[in-house]
Amino acid sequence: MLKQIEGSKAMAEAIALCRPEVICAYPITPQTHIVEGLGELVKDGHLTDCEYINVESEFAALSVAIGASAAGARAYTATASQGLLYMAEAVYNASGLGLPIVMTLGNRAIGAPINIWNDHSDAMSMRDAGWIQLFAETNQEAVDLHIQAFKLAEELSMPVMVCVDGFILTHAMERIDVPEQPQVDAWLPPYDPVQVLDPAEPISIGAMVGPEAFTEVRFLQHYKQTQALRLITDYARDFEKAFGRESGGLLRAYRVDDADVLVVAMGSVCGTIKDVIDEMRDEGIAIGLVTIVSYRPFPTDELRKMLAGAQDVVVVEKSIAVGVGGPLANNVDMALRNLPDAPRLHSAVAGLGGRPITKPSLHRLFRQASVQPWEGTHFLDLNERIVGREIHTTRKKRRSGPTAENLLRRLATEGDAR
Amino acid sequence: MSEARETLAPGEAVQRLKFYQKGTFTVGNRLVGEDERSVQASQDRSNALTCGHRACQGCGEALGARYAIDAAMRATGKDMIAVNATGCLEVFTTPYPETSWQLPWVHSLFGNAAAVATGVAAAMRVKNKRTRVVAQGGDGGTTDIGFQCLSGMFERNDDVLYICYDNEGYMNTGVQRSSATPPAARTATTPAVGDEPGNVFGTGKSVPKIAVAHNIPYVATATVADLHDLERKVTKAMSVHGARYIQINVPCPLGWGAASHDTIHLARLAVECGLYPIFEAEHGRITHVRKIRKQVPVTDYLKRQRRFAHLFKGDRPDPRVARLQAMCDANIADYGLVAGADEEV
């Protein structure tokens, strides 16, 4: 049914349609509206046969989900930013135990400095934790990815993280097609666990594993993620058949035919990038976009095929692996490795801590990539003036004070004269 | 695609215990009436923690765990799931491909056993199953790193019995101090060197008291030295729903520096000197206190353990022995542990 609805509310309704049996709720901006919405659906009787548990921390949220999942219940939780870090130990544990929990991540920056706005640092911090990570471009896709996530998780017995941009998606009111219950029931079978705590058939789960089998356990986790590459594609196709729209999949191409320049990005920023590409195409520039939906497993082969013909690849990402550069760019580099006549790779970090990624800035960036390529990581719209002054001060003065506060003071007194 | 499984009633998969008697009453209790016998004396006990585990000789925790889980399994008709925190008990019971557990058992992390148990209980409730849930861990996993999850489980009154096997330190990692380590005790992180060797006074916490402050339906302390009392408490705990907490004093021969044959003796002395009060509380009020049968000075307890040896080294008596005795005396007064003392409790 078409609704004019907040992204979080729509996601809550979609998750409820998947009939989760245990939901663990702990507030953290910008994810909170999702668990609030679910709480209401449980309390007002829309979502039945569901235990809604207000836990005392994110660590407990995922731990409760772990217990529920191991006992055979369909379990769901949501978090963001610091919350994901606080549950980090349980994030690895859930995947290591092979428990098909679905978790929404309302993507948000990680402190310090504390920042509630959107970027992808939180998702990146857990990129190697053994979860499937799917990035939604729109709220419609966020809704659809949750339905696909439960099926994917349970088929593979592996947890799935649905990553949605905080505020940009979670708090946006827009037109969303929320599926009907019979549609979802027909598409998503009940949870049939591969392992379950059952007194009639007692098993031990979570034993210590030494060097004799640890490598094999990890190999099988990796193997399952390579299987997920196929399943994600299959399920996206099935989903399109059943629900009548394209959502999910490993990656998506936009105006890539004969493109000299290909942009690679994830999440909601792809909307802005598409607008820029349309404008540049109108100007006769052969440019296109590859949207990565599945960041884990990373679609290396599919991406390589897609990028092979381009001269320049520009990766725009909302995270920075401090000391290395952009993590997505590094993964894209991996896809280009060993490619004969590989395109040049240009890495840009943008939108950190919620900084708007504007069309003019993207125009400049994409032009620069082919005419005046840069080395290393480019920070889009970096305020070089205040950064330069801070570096100068710290060189001159031993007790130069806290960096973040120094920058804010400069901005307040000297203005944002970039 | 779900293939037909052979379905068994809860507990049917558990092996029946065999007693190998050699003409003696080795299992005990055979002279008392049927209804007074302990669960441990019954051939029908589930032997939840069966032989073959890797616990040290004389391990109080292995004993406490089998006593407690056997009693819980009898109380629940073996329809039960156990959640285990990381620690000695987890490591020594599941050296895969072997497991000593005769019931469904899951280990997730060090600090989340209470929360995982909440999840299991929620799953049982939503599936309309009567299966009960017990979480268990050592004192480190309970009073320190698992404390937040424990308190959350308590305040939500989740239907979980949490059992803490208290051996007063991080024994699995090599005997470090926990918030349950008694003052003056030597551990690897409170070494017996310097002006005040051992653990400092004025630190630590009583999680049973904190549990009582959550007003949960049932809280008890117990000891491996009193099997009947322990089994009665576990049985009682399983007869009610909601959050329940039992903390069992389980001596650790390795960590305490004691003889492995002294485990029960030490557990008894800990109670009889007053250092480890044994009580029960319901809904925030203490309802029962186990009286001291034969009061002993704290030195009787301390002298049998190398972790307190530094207290008895010098020519003069260490004043900290008197402080430990004062703690015992305060417990005796506060809880009314000696008959004839304040009987209000």
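Conventions adopted
Residues numbered from 1 in each chain as written. Chains lettered and ligands numbered in written order. Predicted model: local features only at pLDDT ≥ 70, side-chain atom pairs only at ≥ 80, totals over all residues. Heavy atoms only, no water. Helix = DSSP H or I, 4+ residues; strand = E, 2+ residues; numbered from the N terminus. Rg over C-alpha atoms; globule rule 2.2 N^0.38 Å. Buried < 20%, exposed > 50% of the residue type's maximum accessible area, 1.4 Å probe, protein only. Contact = heavy atoms within 4.5 Å. Areas by Shrake-Rupley, 256 points an atom, 1.4 Å probe, with all protein chains shown as cover. Lys, Arg positive; Asp, Glu negative; His and termini not counted. Charge placed at Lys NZ, Arg CZ, Asp CG, Glu CD. Axes fitted to C-alpha atoms, helices over the stretch in contact; angles between N-to-C directions. Parallel < 35°, antiparallel > 145°, perpendicular 65-115°, else oblique. Left-handed = near helix turned anticlockwise from the far one by under 90°. Nonpolar A, V, L, I, M, F, W, Y, C, P; charged D, E, K, R; others polar. Pairing = 2+ DSSP bridges. Buried area = accessible area lost by both parts, 1.4 Å probe. Salt bridge = Lys/Arg side-chain N within 4 Å of Asp/Glu carboxyl O. Polar contact = N/O pair within 3.5 Å; in protein donor to acceptor, adjacent residues only side chain to side chain. Domains from an automatic or database assignment. Core = buried A, V, L, I, M, F, W, Y, C linked by side-chain atoms within 4.5 Å. Expected span 1.5 Å × (residues − 1).

Our focus in this paragraph is the overall build of chain A. The number of helices and strands found in chain A is 15 helices and 16 strands. In terms of overall dimensions, chain A is globule-like: its C-alpha atoms have a radius of gyration of 22 Å, near the 22 Å expected for 418 residues. Taking the principal axes of its C-alpha atoms as reference, chain A extends roughly 70 × 55 × 55 Å. When burial is assessed residue by residue, chain A has 56% of its 418 residues classed as buried. Once local pairs closer than 6 in sequence are excluded, the contacts in chain A between residues at least 24 apart make up 80%. For chain A, the exposed surface amounts to about 17400 Å²; the carbon and sulfur share of it is 53%. Counting 39 positive and 54 negative side-chain charges, chain A places the averaged centre of each group 8 Å from the other.

This part takes up the overall build of chain B. Check the secondary structure of chain B and you find 11 helices and 8 strands. A separation of at least 24 residues holds for 71% of the contacts in chain B among residues at least 6 apart in sequence. Split by element, the accessible area of chain B, about 14700 Å² in all, is 51% carbon and sulfur.

Our focus in this paragraph is the packing of helix α1 (residues 7-17) of chain A against helix α7 (residues 139-156) of chain A. Residue and element names in this part refer to chain A. Here α1 crosses α7 at 25°, and the two axes come no closer than 9 Å. As far as their axial angle goes, α7 and α1 are roughly parallel. For the crossing formed where α1 meets α7, the hand is right-handed. Note on element contacts: α7 touches α1 through Asn139, Ala142, Val143, His146, Ile147 and Phe150, opposite Gly7, Ala10, Met11, Ala14 and Ile15. Tallied by class, residues from the contact of α1 with α7 come to 8 nonpolar, 3 polar and no charged.

Residue and element names in this part refer to chain A. Across the sheet, which stays open at both edges, the 7 strands sit in the order β3-β2-β4-β5-β7-β6-β13 with mixed pairing between neighbours. For this open sheet the edge positions go to β3 (51-54) and β13 (294-296), each flanked by a neighbour on one side alone. The sheet shows a mean angle of 20° between the axes of neighbouring strands, direction not considered. Examined bridge by bridge, strand β2 (residues 22-25) and strand β4 (residues 75-79) share 3 bridges and lie parallel to one another. Each bridged residue has a counterpart across the sheet, and for cysteine 24 the counterpart in β4 is threonine 77. Running over the sheet, helix α3 (residues 58-70) touches β2, β3 and β4 and is turned about 165° from β4.

All names here are of chain B. Bridge analysis of strand β7 (residues 279-282) against strand β8 (residues 285-289) gives 4 bridges, and the strand direction is antiparallel. Bridge pairing links glutamate 280 to histidine 288 in β8. The hairpin formed by β7 and β8 contains 2 residues between the paired strands, and histidine 283 there has a positive phi angle of roughly 50°.

Turning our eyes to something else, we now look at the interface of chain B and chain A. Counting from both sides, the interface comprises 43 residues of chain B and, opposite them, 39 residues of chain A. Both faces combined, the contact of chain B with chain A buries some 3200 Å², and carbon together with sulfur accounts for 60% of it. One can count 3 salt bridges joining chain B with chain A. The shortest N-O distance in the salt bridge between arginine 156 of chain B and glutamate 56 of chain A comes to 2.7 Å. Linking chain B with chain A are 13 residue pairs in polar contact (both at pLDDT 80 or more).

Attention now goes to the domain arrangement of chain A. Where the parts come together, the accessible area they lose is often given as the size of the interface. On domain assignment, one finds that chain A holds domain 1 (2-243), domain 2 (251-379) and domain 3 (384-414). With centres defined by C-alpha atoms, the gap from domain 1 of chain A to domain 3 of chain A works out at 41 Å.

Here we take up the sheet that holds strand β1 (residues 80-84) of chain B. Taking strand neighbours across the sheet as the criterion, the 9 strands line up as β9(A)-β2(B)-β1(B)-β3(B)-β4(B)-β6(B)-β5(B)-β7(B)-β8(B) in an open arrangement whose pairing is mixed. The sheet is open, and its two edges are formed by β9 (204-205) of chain A together with β8 of chain B, each paired on a single side. In terms of strand pairing, β1 of chain B meets strand β2 (residues 105-107) of chain B through 3 bridges, oriented parallel. By the bridge assignment, valine 83 of chain B is partnered in β2 of chain B with valine 106 of chain B.

Looking now at the nonpolar core. Ranked by size, the top nonpolar core spans 147 residues in total, and within it Val332 of chain A together with Tyr245 of chain B carry the most contacts. When residues in this core are grouped by element, the largest group, 10 residues, is from helix α3 (residues 113-126) of chain B. Each of domain 1 (2-243) and domain 2 (251-379) of chain A gives at least three residues to this core. Membership of the second largest hydrophobic core comes to 38 residues, among which are Ala62, Ala72, Leu103 and Leu227 of chain B.

On to unusual backbone geometry, then. Residue and element names in this part refer to chain A. Residue proline 30 follows threonine 29 across a cis peptide bond; omega there is 0°. Of the consecutive residues alanine 112 and proline 113, the connecting peptide bond is found in the cis state with omega at -5°. Mapped onto the elements, proline 113 comes out in the loop between β5 (102-107) and α6 (121-125). Despite not being glycine, aspartate 49 has its phi angle at roughly 50°, a positive value. Mapped onto the elements of the fold, aspartate 49 is located in the loop between α2 (32-43) and β3.

Before going further, it helps to examine the environment of arginine 175 of chain A. All names here are of chain A. Looking at the element boundaries, arginine 175 is found in strand β8 (residues 173-177). It is 9.7 Å that separates the C-alpha atoms of arginine 175 and alanine 10, two residues lying 165 residues apart in sequence. Excluding residues within four positions of it along the chain, arginine 175 makes contact with Leu2, Lys3 and Gln4.

Glancing now at the pattern of salt bridges. Residue and element names in this part refer to chain A. Applying the stated rule across the entire model yields 40 salt bridges over all chains. As a salt-bridge pair, lysine 318 and aspartate 165 come within 3.9 Å of each other at their nearest N and O atoms. Remark: aspartate 165 occurs in strand β7 (residues 160-165) and lysine 318 occurs in the loop between β14 (312-317) and α12 (327-336); sequence separation between them is 153 residues. Of the two residues examined, lysine 318 and aspartate 165, each falls in the buried class. The partner of arginine 237 in a salt bridge is aspartate 234, and the shortest N-O contact between them spans 3.6 Å.

All names here are of chain B. Examined against the element boundaries, leucine 161 turns out to sit in strand β4 (residues 161-166). Put simply, leucine 161 and glycine 87 are 74 residues apart on the chain and 18 Å apart in space, counted from C-alpha to C-alpha. The residues touching leucine 161, leaving out its near neighbours within four places in the chain, are Val133, Val134, Ala135, Ala237, Met238, Arg244, Tyr245 and Ile246.

Residue and element names in this part refer to chain B. With 16 residues, helix α1 (residues 60-75) extends 22 Å from end C-alpha to end C-alpha; this agrees with the ideal 22 Å at 1.5 Å per step. α1 sits mainly inside the fold: 12 of its 16 residues count as buried. For α1, the set of buried residues is Gly60, Glu61, Ala62, Gly64, Ala65, Tyr67, Ala68, Ile69, Asp70, Ala71, Ala72 and Met73. Within two residues after α1, glycine 77 carries a phi angle of roughly 60°, on the positive side.

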